[in-house]
Amino acid sequence: MQVDFYHLASSPIERVLPRIAERLLVDGARLLVVCADDGQAARLDQQLWTYAADSFLPHGRAGDGGEALQPVLIAATADAANGARNIALADGIWRDEALAFDRAFHLFDDGSIDAARAAWKALAGREDVVRNFWKQDESGRWAKAA
């Protein structure tokens, strides 16, 4: 399993998550987006509809019905009712349940960097986990830092 840590240094989650979801959907994969904060979930929901003028990302929210049909599902917990094998932890909170997926995207900002460091260290030495650390430069481009 692969865990990609994304330090959101110059772009908010609302700009980064749609790009990740878009790449996964192009490959035919599904994504579970986890955030416990209902306000953040609502913002992400809206952003997935409007992130680009010429397209949208098909998605839904857990509890709205039809979860199994959603290529991207936004939920408060790590329950992949849409059958996703990819999980995005959008609220900066690491959850060990993410280790049951094929790939996890742990997205965090400066406010949750200490918790992300703790998660990085906790996963060190696990033979079943490949860790990557991505950080944005001043222009917003992603560079692999570890």
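Up top is the structure these notes are about.
One structure accompanies this document, and this report is about it. Computed from a predicted structure; not experimentally measured.

Here we take up the overall build of the protein. Looking only at helices and strands, the protein has three helices and eight strands in total. Reading the protein from its N terminus to its C terminus gives the helix and strand order β-α-β-α-β-β-β-β-α-β-β. Oriented by its inertia axes, the alpha-carbon framework of the protein measures out at about 40 × 35 × 30 Å. The proportion of buried residues among the 146 residues of the protein is 45%. Restricting the contact set of the protein to residue pairs at least 6 apart, pairs at least 24 apart contribute 60%.

Two elements in contact, helix α1 (residues 13-26) and helix α2 (residues 38-50), have axes separated by 10 Å at closest approach and are oriented at 55 degrees. By the criterion of interaxial angle, the relationship of α1 to α2 is oblique. The chirality of how α1 crosses α2 is right-handed. In this structure, α1 contributes I13, E14, L17 and P18 to the contact, and α2 contributes Q40, R43, L44, Q47 and L48. Of the residues belonging to the contact of α1 with α2, the class tally is five nonpolar, two polar and two charged.

Moving on: the nonpolar core. In terms of nonpolar packing, the biggest core is built from 23 residues, with L17, L31, V33, L44 and L107 touching the most fellow members. Counting residues per element, the ones that place at least two in this core are α1, β2 (31-34), α2, β4 (72-75) and β6 (103-108). Here this core gets six residues from one element, more than from any other, and that element is α1. If sequence neighbours within four positions are ignored, V33 has contacts with L17, L44, V72, L73, I74, A75, A88 and A90. Formed by 20 residues, the second largest nonpolar core is a distinct cluster that contains F5, L32, A116 and A119.

Attention now goes to the side chain of Q70. Mapped onto the elements of the fold, Q70 is located in the loop between β3 (60-61) and β4. Its relative accessible area of 17% is what places Q70 among the buried residues. Reaching out from Q70, the side chain makes a polar contact with the backbone nitrogen of G60 at a distance of 3.2 Å. Each residue touching Q70, except ones within four places of it in the same chain, is listed here: R30, P58, H59, G60 and N82.

Conventions used here
Residues numbered from 1 in each chain as written. Predicted model: local features only at pLDDT ≥ 70, side-chain atom pairs only at ≥ 80, totals over all residues. Heavy atoms only, no water. Helix = DSSP H or I, 4+ residues; strand = E, 2+ residues; numbered from the N terminus. Buried < 20%, exposed > 50% of the residue type's maximum accessible area, 1.4 Å probe, protein only. Contact = heavy atoms within 4.5 Å. Axes fitted to C-alpha atoms, helices over the stretch in contact; angles between N-to-C directions. Parallel < 35°, antiparallel > 145°, perpendicular 65-115°, else oblique. Left-handed = near helix turned anticlockwise from the far one by under 90°. Nonpolar A, V, L, I, M, F, W, Y, C, P; charged D, E, K, R; others polar. Core = buried A, V, L, I, M, F, W, Y, C linked by side-chain atoms within 4.5 Å. Polar contact = N/O pair within 3.5 Å; in protein donor to acceptor, adjacent residues only side chain to side chain.

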